[in-house]
Amino acid sequence: VAIHLRLKEGPRTIVSQFSVEGVLAYPDSLIRKNLRLEPGRPYRQRDLLHDRDHLQTLYSEDGRIDTRIYYEAIVDSAAAAIVHYRVEEGPPIRLAQVRLEGLEKTRPFVVQREVTMKPGDLLRHSDLLKTQTAVFSTGLFRSVIVRAAMDSSDAVARDVTILVRERDAGAL
């Protein structure tokens with residue numbers, strides 16, 4: 001049995017307009033440096049998501065973990081796309097303190113020695129992930145969740161909670 005498919009491709013959608021609104025913390029050249037979409041280039045959904053993630057990473061690595069990135073892409077019938085990002089910048093957030101939850105048999109210092117941040121450091125997403133990986137790599141826990149507090153009366157410092165579930169004694 002032979003199956004034949006005939007495809008008729010439509011016109012390539014090109015970005016006709018591109019804008020980023022609400023950026024105050026960085027120069028335009030830094031914002032656009034690693035973005036894939038720009039006027040005249042092909043429009044692809046995966047590039048739209050890549051660019052949103054790139055913007056979010058830029059802010060979260062600068063301690064601005066409350067920054068929100070919104071986007072909109074309008075594709076018209078003439079194969080043109082209008083891409084718009086709106087950024088709501090959050091302030092740089094610093095680490096207030098680390099809280100531990102879920103410890104039953106393991107002593108707190110075992111987890112604390114794996115924490116890659118100290119009070120006063122900028123709260124970077126990569127540092128949260130490094131801490132989570134380091135604590136989990138001890139082999140003592142079934143799960144490890146590291147998260148910054150969402151509701152804090154202090155706008156410039158946040159607590160980080162490390163929530164662990166210990167492995168059963170003797171488990172590998």
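Residues numbered from 1 in each chain as written. Predicted model: local features only at pLDDT ≥ 70, side-chain atom pairs only at ≥ 80, totals over all residues. Heavy atoms only, no water.

Draft legend 1. Representation of the overall build of the protein chain. For the protein chain, the count of helices and strands is four helices and six strands. Helices and strands in the protein chain line up, N terminus first, as β-α-α-β-β-β-α-α-β-β. A compact globule built from 172 residues would reach a C-alpha radius of gyration of about 16 Å, whereas the protein chain, at 22 Å, exceeds it by more than 25%. Pairs at least 24 apart in sequence give 60% of the contacts found in the protein chain among residues at least 6 apart. If you sum the accessible surface of the protein chain, you get close to 11100 Å²; carbon and sulfur atoms cover 50% of it. (Helix = DSSP H or I, 4+ residues; strand = E, 2+ residues; numbered from the N terminus. Rg over C-alpha atoms; globule rule 2.2 N^0.38 Å. Contact = heavy atoms within 4.5 Å. Areas by Shrake-Rupley, 256 points an atom, 1.4 Å probe, with all protein chains shown as cover.)

Draft legend 2. Examining the environment of F141 more closely. Tracing the backbone shows F141 in strand β5 (residues 141-148). On the accessibility criterion, F141 (0% relative accessible area) is buried. (Buried < 20%, exposed > 50% of the residue type's maximum accessible area, 1.4 Å probe, protein only.)

Draft legend 3. Here's a closer look at the packing of aromatic side chains. All told, the structure shown has three aromatic pairs when counted by the stated rule. Aromatic side chains Y26 and Y59 sit 4.9 Å apart centroid to centroid with 75 degrees between the ring planes, which places their arrangement in the edge-to-face category. One end of the pair, Y26, is in the loop between β1 (14-21) and α1 (28-32); the other, Y59, is in helix α2 (residues 45-60), and 33 residues separate them in sequence. Classification of Y26 as buried rests on a relative accessible area of 12%. Taken together through their ring pairs, the aromatic side chains of F18, Y71 and Y85 make up a single cluster. (Phe/Tyr/Trp six-rings, centres within 6.5 Å; stacked < 30°, edge-to-face > 60°.)

Draft legend 4. Spatial organisation of the side chain of T161. Counting through the fold element by element, T161 comes out in strand β6 (residues 157-166). Residue T161 is classed as buried on the basis of its relative accessible area, which comes to 11%. Leaving out residues up to four positions away in the same chain, T161 has contacts with R99, E101, I145, V146 and R147.

Draft legend 5. View of the pattern of salt bridges. This structure, assessed with the given rule, holds 10 salt bridges. When the shortest N-O distance is used, the salt bridge between R32 and D28 registers 3.2 Å. On the criterion of helical spacing, the pair formed by R32 and D28 is a turn pair, its members being four residues apart in helix α1. Taking relative accessible area as the criterion, D28 reaches 49% and is therefore assigned partly exposed. In this structure, R113 engages E114 in a salt bridge whose closest nitrogen and oxygen atoms are separated by 3.6 Å. On the basis of relative accessibility, which here comes to 22%, the residue E114 falls in the partly exposed class. (Salt bridge = Lys/Arg side-chain N within 4 Å of Asp/Glu carboxyl O.)

Draft legend 6. Layout of α2. Compared with an ideal rise of 1.5 Å per residue, which puts 16 residues at 22 Å, α2 spans 23 Å between its outermost C-alpha atoms and is within 8% of the ideal. Restricting attention to buried positions, one finds in α2 the residues D47, L48, D51, H54, L55, L58, Y59 and S60. (Expected span 1.5 Å × (residues − 1).)

Draft legend 7. Representation of the environment of S19 within the structure. Note that S19 resides in strand β1. Along the sequence, S19 and I3 sit 16 residues apart, while their C-alpha atoms lie 45 Å from each other. Every residue in contact with S19, bar those within four places of it in the chain, is listed here: R32, V83, H84 and Y85. In terms of polar contacts, S19 uses its side chain to reach the side chain of H84, at 2.6 Å. (Polar contact = N/O pair within 3.5 Å; in protein donor to acceptor, adjacent residues only side chain to side chain.)

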